[in-house]
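A closer look at the structure
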Amino acid sequence: RESMMVYRIDLEKRLAKKAAEKKRYDFFQRMMAERLAAEKVVAKKAAEKKYVTLREKMLATRLEMQGEVAAAMILRREKKAAQVAAYKEARTQPKSPEVEKKYAEKYEALSETERNFAILVDLGLVKESPNPDCPEYDGSEDDLFCDDYEK
């Protein structure tokens, strides 16, 4: 009987020790799971922050490019409007005596062919083709007239 009691006490000690080990093991597993979950949350937040930063850069670049395109379009419209206004001004009749005198002086020194061409250009009926070999030539709008143009 005494040996059975010793055996039972020994068995209870071993069971208590195993229960304590299992409890420690379960606690460790929970702690590791919580740590992994926390690391996932941190990684997800870092990825989201990186994505947001990248998206902001992309949007800023897009807005900058759209601004440049809009500015170029506005500049072209203003040039066109100024050109149209100049053509309307050149075509209005009758001209003041000062303007008539200015044109007479301008065209007087030219030969008949050159004078006729200059008048057509001034009226906007003919457009002079610029020389692409000239150092003052601006080729920034060449691609607007010809899709196959390569710089």
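Here, residues in each chain are numbered from 1, in the same order as that chain's written sequence. Local features in this predicted model are restricted to residues of pLDDT 70 or higher, and side-chain atom pairs are both shown and tallied only at a pLDDT of 80 or more, whereas totals for entire chains, interfaces and linings draw on every residue. To get the side-chain values, all heavy atoms of the structure are used, and hydrogens and water are removed first.

Details of the pattern of salt bridges
Salt bridge, as used here, is a side-chain nitrogen of Lys or Arg placed within 4 Å of a carboxyl oxygen of Asp or Glu. Counted under the stated rule, the structure contains four salt bridges. Among the salt bridges present, the one from Arg-8 reaches Glu-12, with a minimum N-O distance of 3.6 Å. One end of the pair, Arg-8, and the other, Glu-12, are both in helix H1 (residues 2-91), four residues apart, so they sit about a helical turn from each other. When a residue's accessible area, from a 1.4 Å probe over protein chains only, is under 20% of the maximum for its type it is buried; when over 50% it is exposed; and in between it is partly exposed. Judged by relative accessible area, Arg-8 falls into the exposed class, the value being 55%. With a shortest N-O distance of 3.3 Å, Glu-39 and Arg-35 are connected by a salt bridge. With a gap of four residues between them, Glu-39 and Arg-35 both fall in helix H1, about one helical turn apart. Residue classification places Glu-39 among the partly exposed positions, given a relative accessible area of 41%. The class of Arg-35 is exposed, set by a relative accessible area of 51%. Strands here mean DSSP runs of E at least two residues long; helices mean DSSP runs of H or I at least four residues long; both are numbered from the N terminus.

Some thoughts on the layout of surface pockets
In this analysis the probe radius is 1.4 Å and the grid spacing 1 Å, with only protein atoms considered; a cavity is a set of points the probe fits into but cannot get out of, a pocket is an open set with protein on both sides within 12 Å along at least five of seven lines, and lining residues have an atom within 4 Å of a point. Grid points are joined across faces, edges and corners, and a volume is the space filled by probe spheres set on the points. The computed volume of the second largest pocket comes to approximately 160 Å³. Along its surface, the second largest pocket is lined by Ala-90, Gln-93, Lys-95, Glu-100, Tyr-103, Ala-104, Tyr-107, Ile-119, Asp-122 and Leu-123. At the level of elements, helix H2 (97-108) and helix H3 (112-123) are the ones that each hand at least two residues to the lining of the second largest pocket. Amino acid classes used here: Ala, Val, Leu, Ile, Met, Phe, Trp, Tyr, Cys and Pro are nonpolar; Asp, Glu, Lys and Arg are charged; the rest, including Gly, are polar. Looking at the lining of the second largest pocket residue by residue, the class counts come to six nonpolar, one polar and three charged.

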